[in-house]
Amino acid sequence: MDSISDQDLIAAAIEGGKHAYIPYSNYRVGAALLTASGEVYTGCNIENAGYSPTICAERTALVKAVSEGHLSFTAVAVVTRDGGSPCGVCRQMMFEFSPTMKVLLADLDGNLRLTTTLADLLPHGFGRANLD
Ligand code: THU
């Protein structure tokens, strides 16, 4: 498989966000996770009238990937109208699998706003090592 560039991953996140179900916030989020084996899994946010059952785009992508046997990731791209950053729950859930992965934050037009890492977004995170 050809290697996936940052811009490819952002484009995948934009595509993933097209199916966002956002009747309450109208805040579209798309995410694309790059697996260690070079595959891309996308996700969107899916809201719910009960509010708390809402799932973020990052976690949608993650559960799709993990449920198909992918446990290691090298990067995630997240796209929103303002280049917003992953929420705390998503940071924690991604930290479980790949605490050092690259994080690309971009807008819905594909403009990269920030390149960072999950380690920077969740310093001193709680993870598997704590339970050894
Ligand atoms: N949202 C995400 O999809 N990812 C985040 O990391 C932050 C928030 C969604 C949840 C909800 O559908 C909308 O954005 C507004 O909070």
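Here we summarise the structure given alongside this text. (Residues numbered from 1 in each chain as written. Predicted model: local features only at pLDDT ≥ 70, side-chain atom pairs only at ≥ 80, totals over all residues. Heavy atoms only, no water.)

## Quick look at the side chain of H70
Just so we agree on the cut-off: Secondary structure elements follow DSSP: runs of H or I of four or more residues count as helices, runs of E of two or more count as strands, with numbering from the N terminus. Exposure categories follow from relative accessible area, calculated using a 1.4 Å probe and restricted to protein chains: below 20% of the type maximum is buried, above 50% is exposed, and the middle band is partly exposed. Any pair of nitrogen or oxygen atoms within 3.5 Å is treated as a polar contact; in protein, a donor-acceptor pairing is required on top of that, and neighbouring residues in sequence qualify only through side-chain atoms on both sides. Any pair of residues with heavy atoms lying within 4.5 Å of one another is described as a contacting pair.
For H70, the position within the fold is in the loop between α2 (57-66) and β3 (73-80). With relative accessibility at 12%, the residue H70 sits in the buried group. There is a polar contact of 3.2 Å between the side chain of H70 and the side chain of Y41. Residues in contact with H70, not counting those within four places in the same chain, are T35, S37, E39, Y41 and A65.

## Examining α2
With seven of 10 residues buried, α2 lies mostly within the body of the structure. Listed as buried for α2 are A57, E58, R59, T60, A61, L62 and A65.

## Side note on helix α3 (residues 88-95)
What counts, and what does not: Of all possible arcs, the one meant is that of the directions from the helix axis to the C-beta atoms.
Of all the positions in α3, only C90, R91, M94 and F95 are classed as buried. Angularly, the buried residues of α3 cover 135 degrees about the axis, an arc narrow enough to put them on a single face. For α3, the secondary structure elements touched by its buried residues are α2, β3 and α4 (118-121).

## Concerning the sheet that holds strand β5 (residues 112-117)
Applicable threshold: Pairing between strands is defined by DSSP: at least two bridges between the two strands are required. Helix axes use the C-alpha atoms of the stretch in contact, all axes being lines fitted to C-alpha atoms, and the angles between their N-to-C directions lie in the range 0 to 180 degrees.
Pairing is mixed in the open sheet, where five strands are placed in the order β2-β1-β3-β4-β5. Both outer strands of the open sheet, β2 (40-44) and β5, are each paired with one neighbouring strand and no more. Sheet twist, expressed as the average angle between the axes of neighbouring strands with direction ignored, equals 15 degrees. As paired elements, strand β1 (residues 30-35) and β3 share six bridges and run antiparallel to each other. Bridge pairing links T35 to F73 in β3. Docked against the sheet, helix α1 (residues 6-17) engages β1, β2, β3, β4 (102-107) and β5, running at close to 135 degrees with respect to β1.

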